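The residues making up each chain are set out below.
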There are 2 protein chains.
Amino acid sequence: MKLMEDRISQDAIIEDGEILKVGSFLNQQIDVPFISRCAEEFHRLFGGEGITRILTIEASGIGLACLCAVPFRVPVVFAKKSRSSNIAGEVYTSQVFSFTHGTEHRIMIPRQFLTSADRVLLIDDFLASGEALRGLDDLCRQAGACVVGAGVFVEKVYQGGGNRLREAGMRIESLARITAMSPEAGVTFG
Amino acid sequence: MKLMEDRISQDAIIEDGEILKVGSFLNQQIDVPFISRCAEEFHRLFGGEGITRILTIEASGIGLACLCAVPFRVPVVFAKKSRSSNIAGEVYTSQVFSFTHGTEHRIMIPRQFLTSADRVLLIDDFLASGEALRGLDDLCRQAGACVVGAGVFVEKVYQGGGNRLREAGMRIESLARITAMSPEAGVTFG
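The sections below set out a description of the structure shown in this document.

Turning to the interface of chain B and chain A, a few remarks are in order. Listed by partner, the interface residues are 29 residues for chain B and 29 residues for chain A. Of the roughly 2300 Å² buried where chain B meets chain A, counting both sides, 64% is carbon and sulfur surface. Together, Q28, Q29 and F113 of chain B form the three largest contributors to the area buried by chain B at its contact with chain A, with a combined 29%. Among the elements of the structure, strand 3 (29–30), helix 2 (32–46), helix 3 (61–72), strand 5 (76–82) and strand 7 (103–110) of chain B are those that each provide at least two residues to the side of chain B that touches chain A.

Structure (structure tokens):
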């Protein structure tokens, strides 16, 4: 999506070669009219799939997922991160490893918010290692829900997670696909 | 707003007399079409005020604030909570006391996301002690921004925060005003 690539080229800041700062439009400040146009693009791609629920992971994805849900007219559910292991039997849980922080955490959603009748669209801001999407997919599998696909705002293609998930059969649509980036050369899309 | 009162009566769960669980439509699961109707109500109330930015506090308010921003066509900024005291001079900060958790924390937003040209609508899911809105108002005061008012989904009137802020001059519009609640008698609106 050219709109997203242009916005990244214009407003994102590259730090230390690996970190892309998008806080001015996609994180601490959310450019709502812009994200609504992204939502229309996801709706163009997935609107015919009978989506019943959008699933994301806290925290940065929640606002984006809510805006994406508007044209689909479906509820959003987000998986909470939890370090506690004593979770009651009324939730689905999965383990997710964060390469950014070098830690593993548990994600969970109450069983009542995801059922075998659901056709789920996963939404996340970034796709890098693919761990978040893999964990959300695991929660859906436990619930017997069908994962129709994933809509991602920014994919770091060179980290390989997206292609691993595609090879495993997940349909992933990314609005911007970054193949390389550095503070000197900027961002390369592919 | 009768729609919100009816939804609370139907779907919220009262725990231990003081905690209102709204996770099925306002928190971990967000009923997006329902929240979009709430957003239209806030737009009816504040749409003529020349709002340039919507401000909220992480985490539970972010999705709601994004949906509220759709009819206003303005960006959302959220204040981050931070326990660290070594924050650079490029942010506005304020101290907020949480009566729920008995702790004090610092909230902050980068200066670039709030300016003296802004006319700000504050949005939050709950209003109880009023500490969150007071902290957000303080950030706006530091930036020289004008706080037009606050839109709140659920006000616990009996905790007094809303009326203290109104007496101090803040315009607050709450979609549901709870004057009493108990597991036995349920919720009373006023």
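Residue and element names in this part refer to chain A. Where helix 2 (residues 32–46) meets helix 3 (residues 61–72), the closest approach of the two axes is 8 Å, and the angle between their N-to-C directions is 55 degrees. On the basis of their axis angle, the class for helix 2 and helix 3 is oblique. Handedness of the crossing formed by helix 2 with helix 3: right-handed. The residues of helix 3 that touch helix 2, namely those facing V32, I35, S36, A39, E40, F42, H43 and F46, are L64, L67, C68, P71 and F72.

Here the focus is the nonpolar core. The nonpolar side chains of a soluble globular protein tend to be buried with one another. Among the nonpolar cores identified, the biggest contains 76 residues, and M4, I54 and F153 of chain A together with M4, I54 and F153 of chain B are the most heavily contacted of them. Filtering out sequence-adjacent residues up to four positions away, I54 of chain A remains in contact with A65, C68, A69, F72, V74, P75, V76, V77, L121 and I123 of chain A.

Residue and element names in this part refer to chain B. Along helix 1 (residues 2–11), the residues classified as buried are M4, R7 and I8. All buried residues of helix 1 fall inside an arc of 100 degrees around its axis, so they share one side. Exposed side of helix 1, more than 90 degrees from the buried face: K2, S9 and Q10 are the residues found there. Residues of helix 1 that are buried sit in contact with strand 2 (19–21), helix 2, strand 9 (146–156), strand 10 (172–182) and strand 11 (186–189).

Sheet faces and side chains relate simply in a regular strand, where the side chains alternate between the two faces. Residue and element names in this part refer to chain A. Where burial is concerned, most of strand 9 (residues 146–156) is hidden: 9 out of the 11 residues are buried. In the sheet, strand 8 (residues 119–127) pairs with strand 9 via 8 bridges, with the strands oriented parallel. What sits directly across from R119, in strand 9, is C146. For the crossover from strand 8 across helix 4 (residues 131–143) to strand 9, the handedness is right-handed.

Here the focus is the layout of surface pockets. All names here are of chain A. By volume, the second largest pocket amounts to about 170 Å³. Forming the boundary of the second largest pocket are R134, D137, R141, V147, L165, A168, G169 and M170. Ranked by residues supplied to the lining of the second largest pocket, first place goes to helix 4 with 3 residues. In terms of residue class, the lining of the second largest pocket is made up of 4 nonpolar, 1 polar and 3 charged.

With an RMSD of 0.0 Å, the fit of chain B onto chain A corresponds to turning through 180 degrees and sliding 0.0 Å along the axis. One copy is carried onto the other by what is essentially a two-fold rotation axis. No C-alpha of chain B approaches the rotation axis more nearly than that of G63 of chain B, which lies at 2.0 Å. Taken together, the interface assignments show that 100% of the residues at the interface of chain B recur at the interface of chain A, consistent with an identical surface on both copies.

So, on to the state of the cysteines. Residues and elements named next belong to chain B. In total, this model carries 0 disulfides over all chains according to the counting rule given. No disulfide involves C68; its sulfur sits 7.3 Å from that of C38, the nearest cysteine. What makes C68 buried here is its relative accessible area of 0%.

About the cut-offs
Along each chain, residue indices are assigned from 1 in the same order as the chain's sequence is written. For naming, the first written chain is A and the first written ligand is 1, with later ones following in the order written. Local features are withheld for residues below a pLDDT of 70 in this predicted model, meaning they are given only at 70 or higher, and side-chain atom pairs are given and counted only at 80 or more; totals for whole chains, interfaces and linings count all residues. As a convention, hydrogens and water are excluded, and side-chain values are obtained from all of the structure's heavy atoms. Any two residues whose heavy atoms approach within 4.5 Å at even a single point are treated as in contact. Take the accessible area each of two parts loses on contact, using a 1.4 Å probe, and add the two losses: that sum is the buried area. Every helix listed is a DSSP run of H or I at least four residues long, and every strand listed is a run of E at least two residues long, numbered separately from the N terminus. Angular values range over 0 to 180 degrees, each being the angle between N-to-C directions of two axes fitted as lines to C-alpha atoms, with helices fitted over their stretch in contact. The scheme is simple: roughly parallel for angles under 35 degrees, roughly antiparallel for over 145, roughly perpendicular for 65 to 115, oblique for anything else. Helix crossings get a hand from a simple test, with the near helix turned counterclockwise from the far one by less than a right angle marking a left-handed crossing and a clockwise turn marking a right-handed one. The nonpolar core is taken to be a set of buried Ala, Val, Leu, Ile, Met, Phe, Trp, Tyr and Cys residues, with the residues joined through side-chain atoms within 4.5 Å. To sort residues, take the accessible area from a 1.4 Å probe on protein chains only and compare it with the maximum for the residue type: under 20% means buried, over 50% means exposed, and anything in between is partly exposed. Here, the arc refers to the directions that run from the helix axis to the C-beta atoms. In this scheme, strands are said to pair when DSSP sees at least two bridges between them. For crossovers, right-handed means that the path from the first strand over the helix to the second runs clockwise, given strands pointing away from the viewer. With a 1 Å grid laid over protein atoms only, a set of points is called a cavity when a 1.4 Å probe fits there but cannot get out and a pocket when it is open yet has protein on both sides within 12 Å along at least five of seven lines; lining residues have an atom within 4 Å of a point. Grid points are joined across faces, edges and corners, and a volume is the space filled by probe spheres set on the points. Each residue is assigned to one class: nonpolar for Ala, Val, Leu, Ile, Met, Phe, Trp, Tyr, Cys and Pro, charged for Asp, Glu, Lys and Arg, and polar for all the others, Gly among them. Least squares is used to superpose the copies, and the fit set is the C-alpha atoms of residues whose pLDDT is at least 70 in both copies. Two cysteine sulfurs form what is called a disulfide whenever their separation falls within 2.5 Å.

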